Amino acid sequence: MVALIRFLLLALVSVHAATAQDRRAAEVQIKAAFLYKFGDFVQWPPAAFARPDSPFVIGVLGAEDVAAALDGLVADRTLQGRPIAVRRLRRGDGPAGLHVLFIGQAESARMAETLALARGHPLLIVTESENALAAGSMINFVPEENRVRFDVALAAAEREQLKISARLLSVARRVITL
Amino acid sequence: MANARRSIGRRILVVKVVTTLVTVLLAITAMVMYDLRLYHQSWITDVQTQAELIGQASASSLSFDDPHVAQENLGLLRYRPGILAAAIYDARGRLFATFAREGAGQFPKLPEGDGARVEGRTLVVFKRITNEREILGTVYMRAEYALYERLLGYLGYWYVVAALAVAVVATQVSPS
């Protein structure tokens, strides 16, 4: 009897873990797709690209699952006529050559350092942490009713000469203009 | 002698009036056909353009899976009385947002490729929403198609003109 109860509890825990894993996997896919699609709705200053055929580079810090999902997503695709590259970053790496920087939850504790390194570069910073916009992020993913939505800090993007399309703002959950 | 001359005069008049009448009716028929063709083409273009506009305005909504903006865009169609119903399907063919006037709230289960066709008294249009790389979704639109009403209207005018012409001829040829 005890063995049966133990088995049932184990099965219940396994099912719960599997569901949570599935949910995270779906969330990762959505976030990776959004990171790639943001490029359609943001305009970078010409100086952000060294050459007319320079790739569009998405840097990922502290979120290997998102980087892996991006690898599969951007293969053979272009953005604004440019090839897309995904670069995995380590803590302390500089932002040179990047156009989008995604800082995963695992790096949220050290976000201030990363944001300080990125300051002054035309770099779209995307995060998935609470209060990230206040810290200087430009787009922050937020979960809402089993969906992934995002908030936008417009002023932070404008400070780095990034122009975010009104069409992107229209689907944001919240737009902070100050 | 005078009667014979009057009779010939009437016959000539009848021939002139009938010839004029046939010419006028032929001209009216040609104009009607031209107008109906123009109506058909311009209405299809108009609805397709409307679908394209709604689609482009809803591209971000589809990209970021937020049906609210798409719903708002479709809601603007209430200012286009000729549009009976419209829907946006996502890239997987699922209904994403809908708009329908009263009694017109049925939508196809799956979207089709780009195209327009007449179904009875409605015009059905499908328009894909794409960006430079991929299909984001499809706009479906069902609109009034008033070709038959226009034709009936023209037939009414045609009948009035013909009746007036017959009346004129009858007056002219009847013995005084």
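Computed from a predicted model, the values in this text were never measured in an experiment.

*Asks:* Looking at this structure, how should I read the interface of chain A and chain B?
*Replies:* It is common to report an interface's size as the accessible area lost on association of the parts. Listed by partner, the interface residues are 18 residues for chain A and 14 residues for chain B. Summed over both sides, the interface of chain A with chain B buries roughly 1,400 Å², with 49% coming from carbon and sulfur. Between D66 of chain B and R149 of chain A there is a salt bridge whose closest N-O contact spans 3.0 Å. Remark: the boundary between chain A and chain B carries 6 residue pairs in polar contact (both at pLDDT 80 or more). At the level of secondary structure, the elements contributing two or more residues to the side of chain A that touches chain B comprise α1 (2–38), β3 (78–79), β8 (147–153) and α6 (166–170) of chain A.

*Asks:* Would you mind going over helix α3 (residues 111–118) of chain A with me for this structure?
*Replies:* An α-helical segment advances 3.6 residues per turn. Residues three or four places apart therefore align on the same side. Residues and elements named next belong to chain A. Inspection of α3 places M111, T114, L115 and A118 among the buried residues, and these make up the whole buried set. Down the axis, α3 shows its buried residues gathered within 95° of arc, on one side only. Facing away from the buried side of α3 by more than 90 degrees, the exposed set consists of A112 and E113. Taken from the residues just after α3, G120 is the one with a positive phi, measuring 90°.

*Asks:* Looking at this model, I keep getting lost on the confidence of the model for chain B. Mind explaining?
*Replies:* Low-confidence regions, as indicated by low pLDDT, have predicted coordinates that should not be scrutinised in detail. Per-residue pLDDT for chain B averages 89, and the proportion of residues at 70 or more is 96%. The complex model carries a pTM of 0.77, and its ipTM stands at 0.75.

*Asks:* Is there a simple way to explain the sheet that holds strand β10 (residues 174–176) of chain A in this structure?
*Replies:* Residues and elements named next belong to chain A. Strand order in the open sheet formed by 8 strands is β3-β4-β2-β5-β6-β7-β8-β10, and the pairing between neighbours is mixed. Of all the strands in the sheet, just β3 and β10 have a single pairing partner and so form its edges. Here 2 bridges tie β3 to strand β4 (residues 82–89), and the two strands are oriented antiparallel to one another. Residue T78 lies in a different strand from β4, and its bridge partner there is P83. Each of β2 (56–61), β4 and β5 (100–103) touches helix α2 (residues 64–74); the most contacted strand, β4, lies at about 160° to it.

*Asks:* Please clarify how a nonpolar patch on the surface should be interpreted in this entry.
*Replies:* Residue and element names in this part refer to chain B. Together, L151, L152, L155 and W158 make up a nonpolar patch on the protein surface, roughly 370 Å² of accessible area in all. Mapped onto the fold, L152 is located in helix α4 (residues 147–173). On the basis of relative accessibility, which here comes to 56%, the residue L152 falls in the exposed class.

*Asks:* Where do I start with the side chain of S60 of chain B in this structure?
*Replies:* Following the sequence through the fold, S60 of chain B ends up in helix α2 (residues 59–63). Judged by its relative accessible area of 0%, S60 of chain B falls in the buried class. A polar side-chain atom of S60 of chain B sits 2.9 Å from the main-chain carbonyl oxygen of R167 of chain A.

*Asks:* Please clarify how the pairing of strand β1 (residues 83–90) of chain B should be interpreted in this entry.
*Replies:* Successive side chains on a regular strand alternate, one facing one side of the sheet and the next facing the other. All names here are of chain B. Most of β1 is tucked away, with 8 of its 8 residues classed as buried. Where β1 meets strand β5 (residues 135–144), 7 bridges bridge the pair, whose relative direction is antiparallel. Note that in β5 the partner of A85 across the bridge is R142. As paired elements, β1 and strand β2 (residues 95–100) share 5 bridges and run antiparallel to each other.

*Asks:* It is not clear to me how the nonpolar core should be interpreted in this structure. Could you clarify?
*Replies:* One broad rule of soluble globular proteins: the nonpolar side chains tend to lie buried together. Core analysis: the biggest nonpolar cluster contains 60 residues, and F38, L70, L124, F150 and L168 of chain A have the highest contact counts within it. When sequence neighbours within four positions are dropped, the list of residues in contact with F150 of chain A reads F34, F38, I139, N140, F141, V142, L168, V171, A172, R173 and R174 of chain A together with F64 of chain B.

*Asks:* Any chance you could explain the packing of aromatic side chains here in plain terms?
*Replies:* Centre distance and the angle of the planes are the two values used to describe a pair of aromatic rings. The full count for this structure, using the stated rule, is 16 aromatic pairs over all chains. Between F38 of chain A and F150 of chain A, the ring centres sit 5.2 Å apart and the planes meet at 85°, which makes this aromatic pair edge-to-face. In this pair, F38 of chain A sits in helix α1 while F150 of chain A sits in strand β8, placing the two residues 112 residues apart along the sequence. Comparing F38 of chain A with F150 of chain A shows no difference in burial state: the two are buried. Clustering of aromatic rings is evident, with ring pairs tying together F34, F38, F41, F102, F141 and F150 of chain A together with F64 of chain B. Of note, R82 of chain A hangs over the ring of F49 of chain A, and the distance from its end group to the ring centre comes to 3.8 Å.

*Asks:* Explain the pattern of salt bridges here, please?
*Replies:* Two side chains of opposite charge can pair, provided their charged atoms sit close to one another. Residue and element names in this part refer to chain A. In this structure the tally under the stated criterion is 23 salt bridges over all chains. The partner of R174 in a salt bridge is D151, and the shortest N-O contact between them spans 3.4 Å. Here the residue R174 occupies a position in strand β10, and D151 occupies one in strand β8, the gap between them amounting to 23 residues. For R174, a relative accessible area of 44% translates into the label partly exposed. Judged by relative accessible area, D151 falls into the buried class, the value being 3%.

*Asks:* Explain the pairing of strand β7 (residues 139–144) of chain A here, please?
*Replies:* All names here are of chain A. In this structure, strand β6 (residues 124–127) lies alongside β7, joined through 2 bridges in parallel fashion. Each residue of the ladder has a partner; that of T127, found in β7, is N140. Looking at chain direction, β7 and β8 are connected through 6 bridges and run antiparallel. The partner of I139 across the bridge, within β8, is V152.

Cut-offs and rules
- Within each chain, residue numbers correspond to sequence positions counted from 1 in written order.
- Think of it this way: whatever chain is written first is A, whatever ligand is written first is 1, and the rest follow in order.
- At least 70 in pLDDT is required for a residue's local features to be given in this predicted model, at least 80 for side-chain atom pairs to be given and counted, and no such filter applies to totals for whole chains, interfaces and linings, which use all residues.
- Note that the side-chain values use all heavy atoms of the structure and ignore hydrogens as well as water.
- Residue contacts follow a heavy-atom distance rule, with two residues in contact if any of their heavy atoms lie within 4.5 Å.
- Defined in terms of a 1.4 Å probe, buried area is the accessible area two parts forfeit on being brought together, summed over both.
- When a carboxyl oxygen of Asp or Glu lies within 4 Å of a side-chain nitrogen of Lys or Arg, that pair is called a salt bridge.
- Polar contact is the term for a pair of N or O atoms within 3.5 Å; when the atoms are in protein, one must be able to donate a hydrogen and the other to accept it, and sequence-neighboring residues count only if both atoms are side-chain atoms.
- Starting at the N terminus, helices and strands are each numbered in turn, a helix being any DSSP run of H or I of at least four residues and a strand any DSSP run of E of at least two.
- Summary of the burial criterion: residues with accessible area below 20% of their type's maximum are buried, those above 50% are exposed, and those between are partly exposed, where the area comes from a 1.4 Å probe applied to protein chains only.
- The directions from the helix axis to the C-beta atoms are what the arc is built from.
- For every residue, the predictor states its confidence as a pLDDT score lying anywhere from 0 to 100.
- A pair of strands counts as paired when DSSP detects no fewer than two bridges linking them.
- In this analysis an axis means a line fitted to C-alpha atoms, helices contributing only their contacting stretch, and an angle means the value between N-to-C directions, from 0 to 180 degrees.
- Each patch is built from residues that are more than 30% exposed by relative accessible area and take part in no salt bridge. Like charges join if they lie within 9 Å; nonpolar side chains (Val, Leu, Ile, Met, Phe, Trp, Tyr) join within 5 Å.
- Per-residue and other accessible areas were derived by the Shrake-Rupley procedure at a 1.4 Å probe size, with only the shown protein chains allowed to occlude residues.
- Throughout, nonpolar core names a set of buried Ala, Val, Leu, Ile, Met, Phe, Trp, Tyr and Cys residues whose side chains join them through atoms within 4.5 Å.
- Put simply, two rings from Phe, Tyr or Trp (the six-membered ring, in Trp's case) pair if the centres are within 6.5 Å, and we call them stacked under 30 degrees between planes, edge-to-face over 60, tilted for the rest.
- Whether a charge lies above a ring is judged from NZ of Lys or CZ of Arg, which has to be within 6 Å of the ring centre and within 35 degrees of the ring normal.

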